[in-house]
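Remarks on the overall topology
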Amino acid sequence: MNHWLRMTAVAALTAASLTVTINRFASAHAMLVSSEPAANAVISTSPKQIKLVFSEALQATGHTITLLDEKRNKVEIGKAMLDPADNSKKTLIAEIPRALPMGSYTVEWRNLSTDGHAERGRFTFTLAEMAEMTLKFAFKAGKEDVTCGKEVKNLGARRTAAQIMDARFYISNIRLISAGGVEVPFALQPDGKWQTDRVALLDFEDGSGMCKETGTPDMRSVVVGKAPAGKYTGVVFDLGIPFELNHADVAVEKAPLNIQALWWNWQTGYKFVRIDLATNVAPPNDKWFIHLGSTGCGKMEGHGGHGGHGGQGGGHGAGGGQSMANKPPEKPCANPNLATIRLTRFDPARDQIVADLSGLLTNVNIAQSTPKPAGCMSGVDDPDCRRLIPNFGLSLTNGQCVNGCRGQRFFRVEAVPKS
C-alpha cells in the first residue's frame, strides 16, 4: 500500500486541478458532470471501463481517453466512443480489457461537442486493497467514564451533579484522513443490529438504574468498516442521519433505525443524539434532556402541535409525537442540525473518539430549564438550546455548521487506555 500512500498528495493536487477544469468549463459547451470511477475515488475492485458524462451532446468521433499509471506510463484501454446506452449522446466510454494492479491512476480526456468546441481535463482515482478497521468510541465527562447508575459531578455552568437516563447517538458519512490530507471513505459493514451501510448507532446505556425506562441491556462503543490499508491521521463524520434516511417510518425500518425511543415522527425524523440527565436539583429542575435532531421540517399534520419547546423538537419519551406528523417532509428541513465532526491527530490503531459530556455542557446551566419538557429539544426558540447547540458546532438560527463545526466541544481524541 506504499504506492497508495505516496499518491495521496497527488490526489489532493489533482482534485484541485479537476475543480479548476470544471470551473473553466462552466461557460463552455461540454462540462464534465460525473465519472466512473469518480474523481479522487478509492476503490477496491478494478473497473471494467471508464465512463465520462458531460453536460452537452458530443460528436460521434474526435474524442480521446487516456489512462496513466503512477509513473505516467500509458495503460492499454479501448478507444473512446459514445455510450450506445445513452441516447442523449453525452456519455463517453472506454473499455479496460485487463484488471489493473493496485495503485493510483490518472484519466486524461478530450471531447468534441456538437458545436465543434473541444475541451479537455484530467482526474485521478486509486485502486487499493481494503482492510477491516474498528473505530473505538468512549463516553466520558472529562477523564471520568459515564455509565448508568453513576453520578457525575461538576457538569455545566453551575457544576451540577447528574446521572444519565439515556445516552445514544447516530453517526454517518465517515471518512478517514490520510497522511497526505485526502479524505477516504470508511465503508460501514452492515451487521443487522448496530449499523447499516450508511448509518451506525453508538449506545452507552445498559438499561440499568435510571436508564431502565427507555434503555436496553446491549451497548455499543465501536464502528466497524473497511478502508484502504495505510496510515491515517484524522477522521471526519456526521453526527446524525442524512436527510434521505432521516424521515422514514420507524415501525418498518431495519436496525438500527427501528428504535422508537430515538424517533420523533415522520416529519421531524430521528433524534440524532439522545442524552437524558437526572440532576441532583429539586423538582421541577431534576431532569435535563438533550435531543438533537432536524427542525423546521414543514407543517405538522394531525394534531397540529409538537411536544418540544417552540413546536420544533419533539417530546420526551419513546416516540413522543408519533401521531402528530404522518408523512415525511416534501423538502429539506430548515434546520438540519447535522454536525460535521473533524478530528485530527487520530490513529485508528491506537486512539479512541471520546464523546465528552463535560465539553458538551460547557456554559450550559442544567440546574435550571424551561419545563415541558426540560432541556433542549433543538427548537430555535428554546432558551435551553441557546448555549448547548453551539457546543455541537451548529448555529441555533439555521442548524448549519458554523465555521465547519470547528467550535464543537463534544468530541475529542485520546489514546486507548492500556489494559
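Note that the coordinates shown come from a computational prediction; the quantities given were computed from them, not determined experimentally. (Residues numbered from 1 in each chain as written. Predicted model: local features only at pLDDT ≥ 70, side-chain atom pairs only at ≥ 80, totals over all residues. Heavy atoms only, no water.)

**Things to note about the sheet that holds strand β7 (residues 91–95)**
The strand order β1-β3-β7-β6 describes an open sheet built from 4 strands, whose pairing is antiparallel. If you trace the sheet from one side to the other, it starts and ends with β1 (32–36) and β6 (81–82), each paired once. With 5 bridges connecting them, strand β3 (residues 49–54) and β7 associate as antiparallel partners. Following the sheet pairing, Val-53 is matched in β7 by Thr-91. (Pairing = 2+ DSSP bridges. Helix = DSSP H or I, 4+ residues; strand = E, 2+ residues; numbered from the N terminus.)

**Notes on the state of the cysteines**
Inspection of the entire model under this criterion finds 4 disulfides. Here Cys-297 engages in a disulfide with Cys-333; their sulfurs sit 2.0 Å apart. The disulfide joining Cys-297 to Cys-333 has a torsion of about 105° about its S-S bond and is therefore right-handed. Of this pair, Cys-297 sits in the loop between β22 (287–292) and β23 (339–344) while Cys-333 sits in the loop between β22 and β23, and the two are 36 residues apart along the sequence. What makes Cys-297 buried here is its relative accessible area of 5%. Residue Cys-333 is classed as buried on the basis of its relative accessible area, which comes to 9%. Put simply, Cys-401 and Cys-405 are joined by a disulfide, and their sulfur atoms are 1.9 Å apart. Handedness of the Cys-401-Cys-405 disulfide follows from its S-S torsion of about -85°: it is left-handed. A residue is classified by how much of its surface remains accessible, and Cys-405, at 2% relative accessible area, is buried. In the protein chain, the bonded cysteines, taken in the order they occur along the sequence, pair up as 1-2, 3-4, 5-6, 7-8. (Disulfide = S-S within 2.5 Å. Buried < 20%, exposed > 50% of the residue type's maximum accessible area, 1.4 Å probe, protein only.)

**Considerations on the nonpolar core**
A general feature of soluble globular proteins is that nonpolar side chains tend to end up buried together. Counting 71 residues, the largest nonpolar core has Leu-239 and Phe-392 as its most contacted members. A per-element tally of this core places strand β13 (residues 160–178) first, with 8 residues. Grouped together as the second largest cluster of nonpolar side chains are 21 residues, Ile-65, Ile-96, Val-107 and Phe-123 included. (Core = buried A, V, L, I, M, F, W, Y, C linked by side-chain atoms within 4.5 Å.)

**Considering the sheet that holds strand β5 (residues 74–75)**
Here we have 5 strands laid out as an open sheet, ordered β2-β9-β8-β4-β5, and mixed in their pairing. If you trace the sheet from one side to the other, it starts and ends with β2 (42–43) and β5, each paired once.

**Quick look at the side chain of Gln-163**
Position of Gln-163 among the secondary structure elements: in strand β13. Exposure remark for Gln-163: the relative accessible area of 18% places this residue in the buried category. If we skip the residues at most four places from it in the chain, Gln-163 touches Gly-149, Lys-150, Glu-151, Met-210, Asp-276, Leu-277 and Ala-278. (Contact = heavy atoms within 4.5 Å.)

**Digging into the packing of aromatic side chains**
In the structure shown here, the tally under the stated rule is 11 aromatic pairs. On the numbers, 5.6 Å between centres and 35° between planes, the contact of Phe-139 with Phe-204 is tilted. With Phe-139 in strand β10 (residues 130–141) and Phe-204 in the loop between β16 (199–203) and β17 (222–228), this pair connects stretches of sequence that are 65 residues apart. Across the pair, Phe-204 and Phe-139 agree in class, each one buried. Seen in terms of ring centroids, Phe-410 and Phe-411 are 4.5 Å apart; in terms of plane orientation they differ by 50°. Their pairing is tilted. Just as Phe-410 is buried, Phe-411 falls in that class too. One aromatic cluster is present, formed by Phe-137, Phe-139, Phe-169, Phe-204, Phe-237, Phe-392, Phe-410 and Phe-411 through successive ring pairs. (Phe/Tyr/Trp six-rings, centres within 6.5 Å; stacked < 30°, edge-to-face > 60°.)

**Focus on the environment of Lys-51**
Relative to the elements of secondary structure, Lys-51 occurs in strand β3. Judged by relative accessible area, Lys-51 falls into the partly exposed class, the value being 22%. Residues Lys-51 and Leu-92 lie 41 residues apart in sequence; the distance between their C-alpha atoms is 5.7 Å. The residues contacting Lys-51, other than those within four sequence positions of it, are Ser-34, Ser-35, Glu-36, Asp-83, Thr-91, Leu-92 and Ile-93.

**Some words on the pattern of salt bridges**
Evaluation of the coordinates by the stated rule reveals 21 salt bridges. Here Arg-274 makes a salt bridge to Asp-166, at a shortest N to O gap of 3.5 Å. Note that Arg-274 is positioned in strand β21 (residues 273–279) and Asp-166 in strand β13, a separation of 108 residues in sequence. Neither Arg-274 nor Asp-166 differs from the other in exposure class; each is buried. A salt bridge links Arg-168 to Glu-205, with the nearest nitrogen and oxygen atoms 3.8 Å apart. Here Glu-205 lies in the loop between β16 and β17 and Arg-168 lies in strand β13, a separation of 37 residues in the sequence. For Arg-168, a relative accessible area of 2% translates into the label buried. It is possible to trace a salt-bridge network through shared partners that takes in Asp-166, Arg-168, Glu-205, Arg-274 and Asp-276. (Salt bridge = Lys/Arg side-chain N within 4 Å of Asp/Glu carboxyl O.)

**So, the environment of Lys-226**
For Lys-226, the location among the structural elements is in strand β17. On the basis of relative accessible area, Lys-226 is assigned to the partly exposed category, the value being 33%. Sequence spacing of Lys-226 and Ala-131 is 95 residues, and the spatial spacing of their C-alpha atoms is 5.3 Å. Leave out the neighbours within four places in its chain, and Lys-226 touches Met-130, Ala-131, Glu-132, Pro-185, Phe-186, Ala-187 and Gln-189.

**Examining the confidence of the model for the protein chain**
Summarising the model, the protein chain shows a mean pLDDT of 88, and 86% of its residues fall at 70 or more. Long-range and interchain partners of residues 5–27, a stretch whose pLDDT sits below 50, account for 33 contacts in this model, where long-range means more than four residues apart. (pLDDT = per-residue confidence, 0-100.)

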